[in-house]
Amino acid sequence: TQLLEQSPQFLSIQEGENLTVYCNSSSVFSSLQWYRQEPGEGPVLLVTVVTGGEVKKLKRLTFQFGDARKDSSLHITAAQPGDTGLYLCAGARNNNDMRFGAGTRLTVKP
Amino acid sequence: SQTIHQWPATLVQPVGSPLSLECTVEGTSNPNLYWYRQAAGRGLQLLFYSVGIGQISSEVPQNLSASRPQDRQFILSSKKLLLSDSGFYLCAWSIGAGVVNEQFFGPGTRLTVL
């Protein structure tokens, strides 16, 4: 079983729609990262959240860390085809113990 | 700025053959280094990590091994590949200090074992 559960596994939407993907765990993390990965490339770091309840915004992307630091969400407003990719969350329990979820594959159709 | 390189980009190898994948980092000193394997379109499985030269920690028992002969060089090896070793191999680095463990990934190596 995955330490971090991401949902949904797959999401296909039309350009302009809003969406939220989730990253849940029963473990507490010292920090949590979100990455986006294009096919055939390495994941690219989008954001790191550290404080329980923290909200970070990156243009149309809003990231929230749960109050108990066990879960996180990523909300995208007015999705664009360029947002298509695999979104991975990763939780760090200490400096060398970071675990990745299985990812949400997002497809935004023009 | 820091950059991370991996080679080769793609590799097709027969079962039973040896493997050597290389990863190098530029622009930083004493990084933590990581090897991950990713099944098609899925999450990352941590294979090895290293906090310094000659220091290797293994996460998953397998027929793979890792070595760190220099501060910014990390090598993934196998003496005899299995079909199940096919996958996308990613190297990553982090600064190795503090609470936040942000990892930065290389472009990956696509390995197909036939």
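Residues numbered from 1 in each chain as written. Chains lettered and ligands numbered in written order. Predicted model: local features only at pLDDT ≥ 70, side-chain atom pairs only at ≥ 80, totals over all residues. Heavy atoms only, no water.

### Focus on the pairing of strand S8 (residues 73–78) of chain B
All names here are of chain B. Counting buried residues along S8, five of its six residues qualify, which places the element largely inside the surrounding structure. Inspection of the sheet shows strand S3 (residues 19–26) paired to S8 by six bridges, in the antiparallel sense. By the bridge assignment for S8, Leu19 is matched with Ser78. As paired elements, strand S7 (residues 64–70) and S8 share five bridges and run antiparallel to each other. Each residue of the ladder has a partner; that of Gln70, found in S8, is Gln73. Between S7 and S8, which follow one another and run antiparallel, lie two residues. (Buried < 20%, exposed > 50% of the residue type's maximum accessible area, 1.4 Å probe, protein only. Helix = DSSP H or I, 4+ residues; strand = E, 2+ residues; numbered from the N terminus. Pairing = 2+ DSSP bridges.)

### A look at the state of the cysteines
Residues and elements named next belong to chain B. Scanning the model with the defined rule gives two disulfides over all chains in all. The disulfide partner of Cys23 is Cys91, and the gap between their sulfur atoms is 2.0 Å. On the sign convention where negative means left-handed, the S-S torsion of about -75° between Cys23 and Cys91 marks this disulfide as left-handed. In this pair, Cys23 is assigned in strand S3 and Cys91 in strand S9 (residues 87–94), connecting sequence segments 68 residues apart. Since its relative accessible area comes to 0%, Cys23 is described here as buried. A residue is classified by how much of its surface remains accessible, and Cys91, at 0% relative accessible area, is buried. (Disulfide = S-S within 2.5 Å.)

### Observations concerning the nonpolar core
Among the nonpolar cores identified, the biggest contains 21 residues, and Leu19(A), Leu32(A), Trp34(A), Phe63(A), Leu74(A), Ile76(A) and Leu106(A) are the most heavily contacted of them. Those residues in contact with Leu19(A) that sit more than four places away from it in its chain are Leu11(A), Ile13(A), Leu74(A), His75(A), Ile76(A), Ala79(A) and Leu106(A). Ranked by size, the runner-up nonpolar core spans 20 residues in total, among them Cys23(B), Trp35(B), Phe48(B) and Leu76(B). (Core = buried A, V, L, I, M, F, W, Y, C linked by side-chain atoms within 4.5 Å. Contact = heavy atoms within 4.5 Å.)

### What to know about the sheet that holds strand S8 (residues 71–76) of chain A
Residue and element names in this part refer to chain A. Pairing within the open sheet is antiparallel, and its five strands lie in the order S1-S3-S8-S7-S6. In this open sheet, the two edge strands, each paired with only one partner strand, are strand S1 (5–7) and strand S6 (55–58). Going from strand to strand, the sheet's axes swing by 15° on average, the running direction of each strand aside. Two elements, S1 and strand S3 (residues 19–24), share three bridges in a ladder whose sense is antiparallel. Within the sheet, the bridge partner assigned to Ser7 lies in S3 and is Tyr22. (Axes fitted to C-alpha atoms, helices over the stretch in contact; angles between N-to-C directions.)

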